[in-house]
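These are the residues of each chain, in order.
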Amino acid sequence: MPFNEVRKDYLLDRWVVIAKERSRRPTDFAKPERKKAKAAVCPLCPDNEYMTPPAILVYLKQGERVIKDSDRDGFRHKNWLIRCVSNLYPAFTPPEGKIRLDRIMQSSNLSLAVGHHEVLVESPVHDMHPADMEIPQLLHVVNAYVDRLRELSARPYVKYVSIFRNHGLEAGASLSHAHSQLVATPFIPTTVNDELKASRKFWNRKQRCVFCEIMEKELKGPRLILENMRFAAFAPYASVNPMEFWIFPKKHEATPLNLSEREKEDFAETLKKCLKGLKQLVNDPPYNYGFHMAIGKGANQCYHWHLEVYPKLAIWAGFEKSTGMYINAVTPETAAEGMRRAIST
Ligand SMILES: [Zn+2]
Ligand SMILES: [Zn+2]
Ligand SMILES: [Zn+2]
């Protein structure tokens, strides 16, 4: 009997059994109905602004222009396009006043959870998720990501800013209102740090960005999902999740901080197309996505920001949890083919 393949991630020491035999089709995962979080009153909907902390950032429409402001002194802006607030149950919290950096990491196995945890409301419309959003609104979301990233990454105690989105109850979205989150941490989380270390090693050996090289190869291969002037989306070689895909900017940058308006618009369009394709192909599956970037100095040459999208279609059980090795029942090549078809229809 022919064997399955065990594939290693491009950079991480992470192995995935790609079940080529008895491989499943993307549509096998389509469920007739998905569970949604239900709340009697949605705290993120317009008119419920007082149910959340004051907004750190709001986008407001003023004639043809969009202006940016924040809530102050018990006052809450109405009629916003985008609204960013502190998480009511933050995992990381800001210091009161100045904090000595050597106080944060208390010992080799204890750090204080100093940082920020924010909720970014992506639309005033409760169910308006990125797969269905108009591009101008999705562009506001991307702009707000960059605005918050710029502010948070400038704080001396912030070493990483994780920007992510949970979609659907099974993917951890306890509120069904369209929103993303930002978590600023006082150290670089392991997965990103491992990517960073591997890319630095590659740079030292070849004076090339490993991500640029990965993208060049994937652009010519069977895992490509879509390509336009400025971005490429593909299913990674050792996809951990069925239907997983990554979006790479063609321009080499370590963070999305310097994106031009045009680039942001292209990114919004690429993201929307991919998420819409996924939604059609697997009937609005739960998913998580997260940006990977390097905000610290000294990583500009070797690191290349990207977005990783993880549909939640498999249940990780004893084998995955006890070994850190995964089994993926959809080959990334099949996933990419399905996505290409869904996007083109
Ligand atoms: Zn809502
Ligand atoms: Zn690069
Ligand atoms: Zn990554």
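Now for a look at the structure at hand. Predicted model, so just to flag it, every value in this text is computed and none were measured. (Residues numbered from 1 in each chain as written. Chains lettered and ligands numbered in written order. Predicted model: local features only at pLDDT ≥ 70, side-chain atom pairs only at ≥ 80, totals over all residues. Heavy atoms only, no water.)

1. Description of helix α3 (residues 190-206)
Short version of the rule: Numbering of helices and strands runs from the N terminus; a helix is a DSSP stretch of H or I covering at least four residues, while a strand is a stretch of E covering at least two. The span expected for a helix works out to 1.5 Å for each residue beyond the first. The rule is simple: take the accessible area with a 1.4 Å probe, protein chains only, and divide by the maximum for that residue type; under 20% is buried, over 50% is exposed, in between is partly exposed.
For α3, which comprises 17 residues, the first-to-last C-alpha distance of 24 Å matches the rise-based estimate of 24 Å (1.5 Å per residue) to within 8%. Within the span of α3, buried status applies to Val192, Glu195, Leu196, Ala198, Ser199 and Phe202. Positive backbone phi, at 50°, marks Gln207, one or two positions downstream of α3.

2. Some remarks on the environment of Pro90
Tracing the backbone through its elements, the reader meets Pro90 in the loop between β5 (80-86) and α1 (101-104). On the basis of relative accessible area, Pro90 is assigned to the partly exposed category, the value being 36%. As a C-alpha pair, Pro90 and Ile56 span 34 residues in sequence and 15 Å in three-dimensional space.

3. Digging into the sheet that holds strand β8 (residues 116-121)
Here is the rule we go by: Two strands form a pair only when DSSP identifies at least two bridges running between them. To define axes, lines are fitted to C-alpha atoms, for helices over the stretch in contact only, and angles between the resulting N-to-C directions are given on a 0 to 180 degree scale. Between two residues, a contact is recorded if the distance between any of their heavy atoms is within 4.5 Å.
Pairing is antiparallel across the open sheet formed by 11 strands, whose spatial order is β4-β3-β5-β8-β10-β9-β14-β15-β13-β12-β11. The open sheet has two edge strands, β4 (65-69) and β11 (224-227), and neither has a second partner. Looking at each pair of strands side by side, their axes are set apart by 15° on average, direction ignored. Where strand β13 (residues 245-249) and strand β15 (residues 306-311) come together, 3 bridges link them in antiparallel fashion. Among the inter-strand pairings, Phe245 is bridged to a residue of β15, identified as Val309. Against the sheet, helix α2 (residues 135-153) engages β3 (55-62), β4, β5, β8, β9 (160-167), β10 (179-185) and β14 (287-292), with an angle of about 145° to β3.

4. Some thoughts on the sheet that holds strand β16 (residues 326-328)
Across the sheet, 3 strands lie side by side as β1-β2-β16; this open sheet has mixed pairing. What marks the edges here is a single partner per strand, and that holds for β1 (5-8) and β16. The sheet shows a mean angle of 30° between the axes of neighbouring strands, taken without regard to direction. Taken together, the 3 bridges between strand β2 (residues 15-18) and β16 define a ladder with parallel strand orientation. Bridging across to β16, Ile18 finds its partner in Asn328.

Note that all results are geometric; they support no functional claim without further evidence.
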